[in-house]
Amino acid sequence: MLALINRIFKNIFEKIGEKFGINSVSVAGILGSLASNLLIFGTFKEMNPKGKVVCTAFGVSGAFVFGGQLGFVSGVAPEMIGAFIISKLTAGIISIVLAVWLYERENKEFSIKENGGISNEYQGRKVKTANERKSNGCLYNSQL
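Residues numbered from 1 in each chain as written. Predicted model: local features only at pLDDT ≥ 70, side-chain atom pairs only at ≥ 80, totals over all residues. Heavy atoms only, no water.

Engineer: Help me get a handle on the overall build of the chain, residues and values and all.
Structural biologist: If you tally the helices and strands in the chain, you get eight helices and two strands. Taken from N to C terminus, the helices and strands of the chain fall in the order α-α-α-α-α-α-α-β-β-α. The burial tally for the chain puts 33% of its 144 residues in the buried class. Carbon and sulfur atoms form 65% of the exposed surface of the chain, whose accessible area is close to 9400 Å². (Helix = DSSP H or I, 4+ residues; strand = E, 2+ residues; numbered from the N terminus. Buried < 20%, exposed > 50% of the residue type's maximum accessible area, 1.4 Å probe, protein only. Areas by Shrake-Rupley, 256 points an atom, 1.4 Å probe, with all protein chains shown as cover.)

Here's what the structure looks like:
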């Protein structure tokens, strides 16, 4: 089901994903988790690392908005359906924003640690990371 949705709306999902730095499969996973977060785990291997973090964060607080939990709320307290939907969607959006912010922050700190405590910018020019130097055949620091 999620693969079909992703195939039909791939271009739209890619545009939305570019804003957050995730791929279209991750956007489809977020959409699918509105019904059940089990849909995320079937496509987890196709998601980029940031998409995995964002989908998992949304799955904790924003999943099941239109799934089983909505059925339970409508059976127990039908007058609370509107508040339930609004609170779940708000929590899901906040979790996405927080996950993106924390991912960027941790990724930046990891990049600085990977480079021996220096940032990637050095006197206005980009300094290559160790992985970039290896991929270019550069083995020594003097060949920056």
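Here the narrative resumes.
Engineer: Could you give me a rundown of the layout of surface pockets, with the residues and numbers involved?
Structural biologist: Size it by volume and the largest pocket reaches roughly 270 Å³. Lining of the largest pocket is provided by I16, F20, I22, V27, I30, L31, L34, F58, L89, I93, I96 and V97. At the level of elements, α2 (10-20), α3 (24-32) and α7 (81-114) are the ones that each hand at least two residues to the lining of the largest pocket. No other element matches the four residues that α7 contributes to the lining of the largest pocket. (1 Å grid on protein atoms, 1.4 Å probe; cavity = no way out; pocket = protein on both sides within 12 Å on 5 of 7 lines; lining within 4 Å. Points joined across faces, edges and corners; volume = space filled by probe spheres on them.)

Engineer: Could you give an account of the side chain of S33, with specific residues and numbers?
Structural biologist: The topology assignment puts S33 in the loop between α3 and α4 (38-42). Residue contacts for S33: discarding those within four places in its chain leaves I40, F58, G62, A63 and F64. (Contact = heavy atoms within 4.5 Å.)

Engineer: Provide a residue-level description of the environment of E46, including the pertinent values.
Structural biologist: Position of E46 relative to the elements: it lies in the loop between α4 and α5 (49-61). The exposure class assigned to E46 is partly exposed, which follows from its relative accessible area of 46%. As a C-alpha pair, E46 and S24 span 22 residues in sequence and 9.6 Å in three-dimensional space. Discounting residues that sit within four places of it in the chain, E46 has contacts with N23 and V25.

Engineer: Describe unusual backbone geometry, naming the residues involved and giving the relevant values.
Structural biologist: The phi dihedral of F64 is positive, around 65°, even though this residue is not glycine. Tracing the chain through its elements places F64 in the loop between α5 and α6 (68-76).

Engineer: Explain α5 to me, and be specific about the residues and the numbers.
Structural biologist: Helix length check: α5, at 13 residues, gives a terminal C-alpha distance of 19 Å against a target of 18 Å (1.5 Å per residue), a fit within 8%. Three or more residues of α5 are buried, namely K50, G51, V54, C55, A57, F58 and G59. (Expected span 1.5 Å × (residues − 1).)

Engineer: Can you break down the side chain of S26 residue by residue, with the values?
Structural biologist: Tracing the backbone shows S26 in helix α3. At 2.6 Å, the side chain of S26 and the side chain of N23 are in polar contact. Residues contacting S26, with those up to four places away along its chain left out, are M47, N48, G51 and C55. (Polar contact = N/O pair within 3.5 Å; in protein donor to acceptor, adjacent residues only side chain to side chain.)

Engineer: An account of the nonpolar core is requested, with residue identities and associated values reported.
Structural biologist: Formed by 22 residues in total, the largest nonpolar core has its most connected members in I30, V54 and I96. Looking at this core, the elements that each hand over two or more residues are α3, α5, α6 and α7. Sort the elements by how many residues they give to this core and α7 lands first, with five residues. Setting aside residues no more than four positions away along its own chain, I30 makes contact with I22, V54, C55, F58 and I96. (Core = buried A, V, L, I, M, F, W, Y, C linked by side-chain atoms within 4.5 Å.)

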